[in-house]
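Report on the structure
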Amino acid sequence: MKTKLFTFLFLIFSALSFAQTNINIDDAAVKKNLTYFANSIKNKNIDQAISCIYPKFFTVVSKDQMNRILTMTYNNPFMKIDVQDLKFGTIGKAEKINTEYFSIVDYSFRLKCNVSSMNEDMKKKVSSLLISKYGKNNVKYLANESSYLINAGMKACAVSKDRKYWKFVILEEGYKKQLVKVLPQKILNKF
């Protein structure tokens, strides 16, 4: 009887350990790939950043459009943006739907936006846009540097076929209607 009980407990412990190992492997791979994506943007390697985006997203926004958007945002001579302090929040358990795995990832980073080359009217418009996107408590104007410091809480969907290499779709409520063409409804219901 003791042998059966010991074997049963060993099997349960092994199964739990294996499940935890798989979750940690997914977390590590997602973090590694999302860090690569964020560093690509930080270093203004736009083509490299675009290679990190889930290919089905380009059925909604073309690669050329995405290139222009990212270039205009991160290589803008009027508003220099510095991406800092990437931090990870919750990484959802990878869920297999058809042939791909999906995981919702919460992360944040700090943005420093230098607007010294803008006139006061443009600074006010930028301030309004930043506050509407990130919230008043997450946007601070540093007058001595002519910069905005933004705490940007973000959410993305990580997608993988092999659970080693993950591609990303940034999840924003305003784009949910377009993302219906990109992500399964079960995933869209989670954000």
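Keep in mind the model is a prediction, meaning the values are calculated, not measured.

Here we come to the confidence of the model for the chain. When pLDDT is averaged along the chain, the result is 84; 87% of the residues meet or exceed 70. Per-element confidence in the chain is highest for strand E6 (residues 167–170), whose mean pLDDT is 94, and lowest for helix H1 (residues 2–42), whose mean pLDDT is 64. Every residue in residues 4–23 scores below 50 in pLDDT, and together they form one contact with partners more than four places removed in sequence or on other chains.

Now for the pattern of salt bridges. This model, assessed by the stated rule, comprises twelve salt bridges. In this structure, the salt-bridge partner of Glu100 is Lys56, at a minimum N-O distance of 3.8 Å. Of this pair, Glu100 sits in strand E3 (residues 100–114) while Lys56 sits in the loop between helix H2 (46–50) and helix H3 (63–74), placing them 44 residues apart in sequence. For Lys56, a relative accessible area of 41% corresponds to the partly exposed category. Linked through salt bridges whose partners overlap, the residues forming this network are Lys56, Glu100 and Lys161.

Before going further, it helps to examine the environment of Lys87. Checked against the element boundaries, Lys87 lands in strand E1 (residues 80–91). Classification of Lys87 by relative accessible area gives exposed; the value is 53%. The sequence separation of Lys87 and Phe109 amounts to 22 residues, and the corresponding C-alpha distance is 6.0 Å. Residues contacting Lys87, with those up to four places away along its chain left out, are Tyr107 and Ser108.

The next point concerns H3. The end-to-end C-alpha separation of H3 is 16 Å, in line with the 16 Å expected for twelve residues at 1.5 Å each. When H3 is considered as a whole, its buried residues turn out to be Met66, Leu70 and Tyr74. Buried residues of H3, seen end-on, are gathered within an arc of 40° and therefore sit on one face of the element. Exposed and oriented more than 90 degrees from the buried face of H3 are Asp64, Arg68 and Met72.

This part is about helix H4 (residues 120–134). For H4, built from 15 residues, the straight-helix expectation of 21 Å at 1.5 Å per residue is met to within 8% by its first-to-last C-alpha distance of 21 Å. For H4, the set of buried residues is Lys123, Val126, Ser127, Leu130 and Tyr134. Buried residues of H4, viewed axially, fall in a sector of 105°; they line one side. Exposed residues pointing more than 90 degrees away from the buried face of H4 are listed as Lys124, Leu129 and Ser132. Taken together, the buried residues of H4 touch E3, strand E4 (139–142) and strand E5 (147–160). Sitting at the amino-terminal end of H4 is Asn119, which places a side-chain oxygen 3.1 Å from the backbone nitrogen of Asp121. Looking one or two residues past H4, Gly135 carries a phi angle of roughly 95°, positive in sign.

About the thresholds
- Residues numbered from 1 in each chain as written.
- Predicted model: local features only at pLDDT ≥ 70, side-chain atom pairs only at ≥ 80, totals over all residues.
- Heavy atoms only, no water.
- pLDDT = per-residue confidence, 0-100.
- Helix = DSSP H or I, 4+ residues; strand = E, 2+ residues; numbered from the N terminus.
- Contact = heavy atoms within 4.5 Å.
- Salt bridge = Lys/Arg side-chain N within 4 Å of Asp/Glu carboxyl O.
- Buried < 20%, exposed > 50% of the residue type's maximum accessible area, 1.4 Å probe, protein only.
- Expected span 1.5 Å × (residues − 1).
- Arc of directions from axis to C-beta.
- Polar contact = N/O pair within 3.5 Å; in protein donor to acceptor, adjacent residues only side chain to side chain.

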